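What follows is the residue order along each chain.
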Amino acid sequence: MRLRHGLILMTLFAVISDALLIPFYPQFFAQRYGQTSPWHVGAYVAFISITVMCVFPLWVRVARRFETLHILQVTQGIAAALCLASYWAPGLVSYWGLSMAMFAFKSSYLLNFPYLMRTETDATRAGTIGLLSVTAHLGVVLGAVAGGAVIERWGVQACVLLMAGADLVQMALCSWLIRSRRMVPVLAHDAQERSAPQRFSLAGHARILQLAVVMLLFDFGAALARPFFSVYWGSLTHFGGEAMAGAAFAVPKIVAVAALVVHRWLTLPEQHPTRRTLANLLLGALGLLLQAAPDVATLLIGRVLLGWALYQLVINFDVQLYQLSTPDDFGRDYGVINIFQNCGVLLASFTAGSLVATHGLQAPFAVAGAAFLLAAALWRWRFAGPRAAASFHP
């Protein structure tokens, strides 16, 4: 197994761990602690984003002093221990504290992406970004379906044990990659080289900040309906129980895996990246708006369209980021983008709870579609229009 394959496998287990409870938090808190408020679910998911947003820049700083795999070997082990501790948390407050500490250490797995990009060549980066994207989608599929099946058979608490197991697998993979000498050191040993990355400034990185705002709207729209999707599905049909709800939740990710197959084995006409991004933002908006219709068939069509758009958009945004950044600055710039992405998820989490409480389960889909349309308008203005093209110098 090469380093690249090991890191991608680690990403798969990290995403599976994160996805096990994403569609089922309302059921989790209701069954375990008797908490049924939509506001509470929204607040919990929002605080996960706050935790990751605050902690990840610290991990980026630590990665300038220690090799990424050495960091992950420790942090994923601590995350697993905290996850096991949360399994026995007697009350809601203790569960919040332990699980937020777990997510703080778990978030270090995001260092995988900039580390992998630094070990790849210019010729292989685009393909690796696509592979990472589909790995993340596949992880959500496996996590959501496994979460629904486990909840039906063993209850919601069993998912917590599976999360801890996935973190332990990541720690074991790190240890094996280090001991088998497959790890590629990327730290500069010379002090002058280590201080080479440019200082981040608003004026000098305007294009990255513009991309970050587009991605904030994108992640806001993509995350808005997630916390209550299984409840919404249950309001439309009782067929298949939680396992079927998890499968329906995973439809966009299944489509993303199929999209990779289509693009790899079929020759498709290539469009300009900026036009392709605009078209997929509009397609994603349509998919979200269709899901607001109280009909199972229409909802599934909407999820298929959304899945195709998400796959394209994630790759296009990552490629665009790498074009705007440099290898030495990529970790920092990725951290900036990640802050904006987590702000989008944070806003979505709070907004989802309030929308469901005040306007019902269909409202998040309509607002999410509007967010995609706003992102498309901003992309058209700053990246795809004639003025934007004239001012773009990668």
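Description of the side chain of Ser108
- Inspection of the secondary structure assignment puts Ser108 in the loop between helix 5 (92-106) and helix 6 (112-119).
- Take Ser108: its relative accessible area is 0%, and that puts it in the buried class.
- In contact with Ser108, other than residues within four places in its own chain, are Trp59, Leu72, Thr75 and Gln76.

Looking at the pattern of salt bridges
- Tallied over the entire structure, the rule returns one salt bridge.
- For Lys106, the salt bridge is made with Asp167, and the minimal N-O distance between the two is 2.9 Å. Taken together, the residues span a long stretch of sequence, with Lys106 in helix 5 and Asp167 in helix 8 (residues 157-179) at a distance of 61 residues. The same class applies to Lys106 as to Asp167, namely buried.

Considering the nonpolar core
- Counting 121 residues, the largest nonpolar core has Tyr25, Tyr44, Leu69, Leu211 and Phe372 as its most contacted members.
- Leaving out residues up to four positions away in the same chain, Tyr25 has contacts with Val41, Tyr44, Val45, Ile48 and Phe103.

Here's the deal with the packing of aromatic side chains
- A full pass over the atoms with the stated rule returns 19 aromatic pairs.
- Note on Tyr44 and Trp96: the rings are 5.2 Å apart at their centroids and 80 degrees apart in plane angle, and the pair reads as edge-to-face. One end of the pair, Tyr44, is in helix 3 (residues 38-62); the other, Trp96, is in helix 5, with 52 residues separating them in the sequence. For the pair shown, Tyr44 and Trp96 are each scored as buried.
- An aromatic cluster is present here, built from Tyr25, Phe28, Phe29, Tyr33, Tyr44, Phe47, Tyr95 and Trp96 joined pairwise through their rings.
- Geometry around Phe229 places Arg303 over its ring, the cationic atom sitting 4.1 Å from the centre.

The rules behind each value
Residues numbered from 1 in each chain as written. Predicted model: local features only at pLDDT ≥ 70, side-chain atom pairs only at ≥ 80, totals over all residues. Heavy atoms only, no water. Helix = DSSP H or I, 4+ residues; strand = E, 2+ residues; numbered from the N terminus. Buried < 20%, exposed > 50% of the residue type's maximum accessible area, 1.4 Å probe, protein only. Contact = heavy atoms within 4.5 Å. Salt bridge = Lys/Arg side-chain N within 4 Å of Asp/Glu carboxyl O. Core = buried A, V, L, I, M, F, W, Y, C linked by side-chain atoms within 4.5 Å. Phe/Tyr/Trp six-rings, centres within 6.5 Å; stacked < 30°, edge-to-face > 60°. Lys NZ or Arg CZ within 6 Å of the ring centre and 35° of its normal.

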